[in-house]
Amino acid sequence: MSNNVSLELKAEVENLLNTYAQCIDDDDLENWPSFFTEKCLYQVIPRENHEIGLPTAVMWCDSHGMLNDRITALRHANVYQVQWYRHILSNPVMSTSDNGKTINVQSNYAIFKTCNEGESTVYNVGRYIDVIVREKGALKFKERSAIYDTHRITTLMVIPI
Amino acid sequence: MSNNVSLELKAEVENLLNTYAQCIDDDDLENWPSFFTEKCLYQVIPRENHEIGLPTAVMWCDSHGMLNDRITALRHANVYQVQWYRHILSNPVMSTSDNGKTINVQSNYAIFKTCNEGESTVYNVGRYIDVIVREKGALKFKERSAIYDTHRITTLMVIPI
Amino acid sequence: MSNNVSLELKAEVENLLNTYAQCIDDDDLENWPSFFTEKCLYQVIPRENHEIGLPTAVMWCDSHGMLNDRITALRHANVYQVQWYRHILSNPVMSTSDNGKTINVQSNYAIFKTCNEGESTVYNVGRYIDVIVREKGALKFKERSAIYDTHRITTLMVIPI
């Protein structure tokens, strides 16, 4: 329920979700860690594992250092086909807890991937479950979990979701 | 046009649309009827039929009883492959009528389906045309019509749209 | 950043984006030019061309006259398979410039196409980059660029994006 979230806060949260997606889609990945608090949790996990409480993740980072490492690896170490993501976000539902200091958000996403051959295909669909807090005035992800339905991932997941 | 809809009401309507989608996608189907007024209209119809005024629907319910029956059938009678829906909603355009007591909304949707083999595919795209009223303080669908473009439905439609 | 955009203006911009999409999806194409200022820029360009500064566009119009011509051609001259578009819009991020008189918006889109055979497929994904101004009280696109990822377009692009 969004009932206890003011329109101003709702717009600010939506702006965080939206600029996060644009950061990745515009290949501005060096800025990706800045969307998270210094100590954080970013994970990408299959829905089936999530539902039975298995912690296995295909991506897992718990600090800015680990987030930065992932981008460094992507830019310099990983060998992969040129590819573009396009995030489509939908229906964020949010509520606050901890006297309004924490915002809990669930939203749906679909990510399309376009590779060399030029066709755009459904790459990954699922939902984000987020814990958002304010740090130095700006909203940041304290936790962002991408829980995906698509359990056949045809290629190595290099770019974060 | 959204011109005569206040920002507060717009947010409340969006919350109804969003929680409806999450209810289905999270497989919380027993709560699905609660999004409708007791006497209601829920129908899923092909665009071509809608445009020529043919009433044929692939799903049709006009009361809580019928909505509940559908979920009971789905849980206990229908035999079908495990499948997940993921709703992506977009561009709701709304206006009020009946001295503000009725809200008319049109929005686009795309639903992705993931079955056992793990791939997520475009299952059904179309638009919702909704008539929303307030009942005991909460917004409910008096009418929800899902009018779909995708006229080749490859498998039995079991889960509501 | 949406920081300098009021909630009222944000809702008004979203309404412009949303009614634009419905205009096309509802096949109300004769009204499509009315979303633009008289002197305008509408272009559809591949991402690769955009990134290296090449101006080549698959659609390009700079006046109401040219926009109208395109619809006339589509209705009367072009021969193409019956097809429906369905726009899914996502994450608009906006800011104002020129003392609040100009609104700059970037958003993501995915367009699904349904042809005779009835299947809905991912037709084109990308982003809109818009310059919006107020003309006679109403918001209009002064510039709308659709920059698409999908560089293999399997059929002639007839209907505007």
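In this report, we go over the structure that sits alongside the text. (Residues numbered from 1 in each chain as written. Chains lettered and ligands numbered in written order. Predicted model: local features only at pLDDT ≥ 70, side-chain atom pairs only at ≥ 80, totals over all residues. Heavy atoms only, no water.)

Here we look at the overall build of chain A
Helix and strand counts for chain A stand at three helices and six strands. When the elements of chain A are put in sequence order from the N terminus, they spell out α-β-α-β-α-β-β-β-β. At 16 Å, chain A has a C-alpha radius of gyration in line with the 15 Å of a compact globule built from 161 residues. Along the longest, intermediate and shortest principal axes, the C-alpha atoms of chain A span 50 × 30 × 30 Å. Expressed as a percentage of its 161 residues, the buried residues of chain A come to 58%. Looking at chain A as shown, the accessible area adds up to about 6,800 Å², and 51% of this sits on carbon and sulfur atoms. The averaged location of the 20 negative side-chain charges in chain A is 3 Å from the averaged location of its 15 positive side-chain charges. (Helix = DSSP H or I, 4+ residues; strand = E, 2+ residues; numbered from the N terminus. Rg over C-alpha atoms; globule rule 2.2 N^0.38 Å. Buried < 20%, exposed > 50% of the residue type's maximum accessible area, 1.4 Å probe, protein only. Areas by Shrake-Rupley, 256 points an atom, 1.4 Å probe, with all protein chains shown as cover. Lys, Arg positive; Asp, Glu negative; His and termini not counted. Charge placed at Lys NZ, Arg CZ, Asp CG, Glu CD.)

Regarding unusual backbone geometry
Non-glycine residue lysine 136 of chain A carries a positive phi angle of around 50 degrees. Relative to the elements of secondary structure, lysine 136 of chain A occurs in the loop between strand E5 (120-135) and strand E6 (138-148). Residues other than glycine seldom take positive phi values, yet aspartate 98 of chain C does so here, at roughly 55 degrees. For aspartate 98 of chain C, the location among the structural elements is in the loop between strand E3 (84-97) and strand E4 (102-114).

Brief notes about the state of the cysteines
By definition, a disulfide links the sulfur atoms of two cysteines through a covalent bond. Residues and elements named next belong to chain C. Evaluation of the coordinates by the stated rule reveals zero disulfides over all chains. As a non-bridged cysteine, cysteine 23 has cysteine 61 as the owner of its nearest cysteine sulfur, 14 Å distant. A relative accessible area of 5% means that cysteine 23 is categorised as buried. In this structure cysteine 115 is a free cysteine whose sulfur lies 20 Å from that of cysteine 23, the closest cysteine sulfur available. (Disulfide = S-S within 2.5 Å.)

A look at the interface of chain A and chain B
Taken together, the contacts link 26 residues of chain A with 27 residues of chain B. Regarding the contact of chain A and chain B, the summed buried area is about 2,200 Å², with carbon and sulfur atoms giving 53% of it. For chain A, the biggest contributors to the area lost against chain B are Leu7, Arg47 and Arg152 of chain A; these three give 24% of the whole. The interface formed by chain A and chain B contains three salt bridges. A salt bridge links aspartate 26 of chain B to arginine 127 of chain A; the shortest N-O distance between them is 3.7 Å. Counting across the interface, chain A meets chain B through 13 residue pairs in polar contact (both at pLDDT 80 or more). The leading source of residues in the side of chain A that touches chain B is strand E4 (residues 102-115) of chain A, at six residues. When the residues that make up the side of chain A that touches chain B are grouped by side-chain class, the tally is ten nonpolar, ten polar and six charged. (Contact = heavy atoms within 4.5 Å. Buried area = accessible area lost by both parts, 1.4 Å probe. Salt bridge = Lys/Arg side-chain N within 4 Å of Asp/Glu carboxyl O. Polar contact = N/O pair within 3.5 Å; in protein donor to acceptor, adjacent residues only side chain to side chain. Nonpolar A, V, L, I, M, F, W, Y, C, P; charged D, E, K, R; others polar.)

With respect to the interface of chain C and chain A
If you look at the interface, chain C gives 26 residues, while chain A gives 27 residues. For the pair chain C and chain A, the summed buried area comes to about 2,200 Å², and 53% of that belongs to carbon and sulfur atoms. Considering only the surface of chain C that becomes buried against chain A, Leu7, Arg47 and Arg152 of chain C emerge as the three largest contributors, covering 25% of it. Taken together, the connections running from chain C to chain A amount to three salt bridges. Joining chain C to chain A, the criterion identifies 13 residue pairs in polar contact (both at pLDDT 80 or more).

Regarding the relation of the copies chain A and chain B
When chain A is fitted onto chain B, the two copies agree to an RMSD of 0.0 Å after a turn of 120 degrees and an axial shift of 0.0 Å. Both chain copies can therefore be described as sitting about a three-fold axis. Every residue of chain A has its C-alpha some distance from the rotation axis, and the shortest such distance is that of serine 90 of chain A, at 4.1 Å. A share of only 15% of interface residues in chain A that are also interface residues in chain B marks the association as one of differing surfaces. (Least-squares fit on C-alpha atoms with pLDDT ≥ 70 in both.)

Regarding the side chain of threonine 19 of chain C
Looking at the element boundaries, threonine 19 of chain C is found in helix H1 (residues 7-25). Here the side chain of threonine 19 of chain C touches asparagine 15 of chain C through a polar contact of 2.8 Å, landing on its backbone oxygen.

So, empty space enclosed by the protein
This structure, assessed with the given rule, holds one cavity of 30 Å³ or more. In this structure, the largest cavity occupies an estimated 710 Å³ of space. Taken together, 31 residues form the lining of the largest cavity, with Glu14 of chain A, Lys10 and Glu14 of chain B together with Lys10 and Glu14 of chain C sitting closest to its centre. Elements that contribute at least two residues to the lining of the largest cavity include exactly helix H1 (7-25) and strand E3 (83-97) of chain A, helix H1 (7-25) and strand E3 (84-97) of chain B together with H1 and E3 of chain C. For the lining of the largest cavity, the residue count by class is 15 nonpolar, ten polar and six charged. (1 Å grid on protein atoms, 1.4 Å probe; cavity = no way out; pocket = protein on both sides within 12 Å on 5 of 7 lines; lining within 4 Å. Points joined across faces, edges and corners; volume = space filled by probe spheres on them.)

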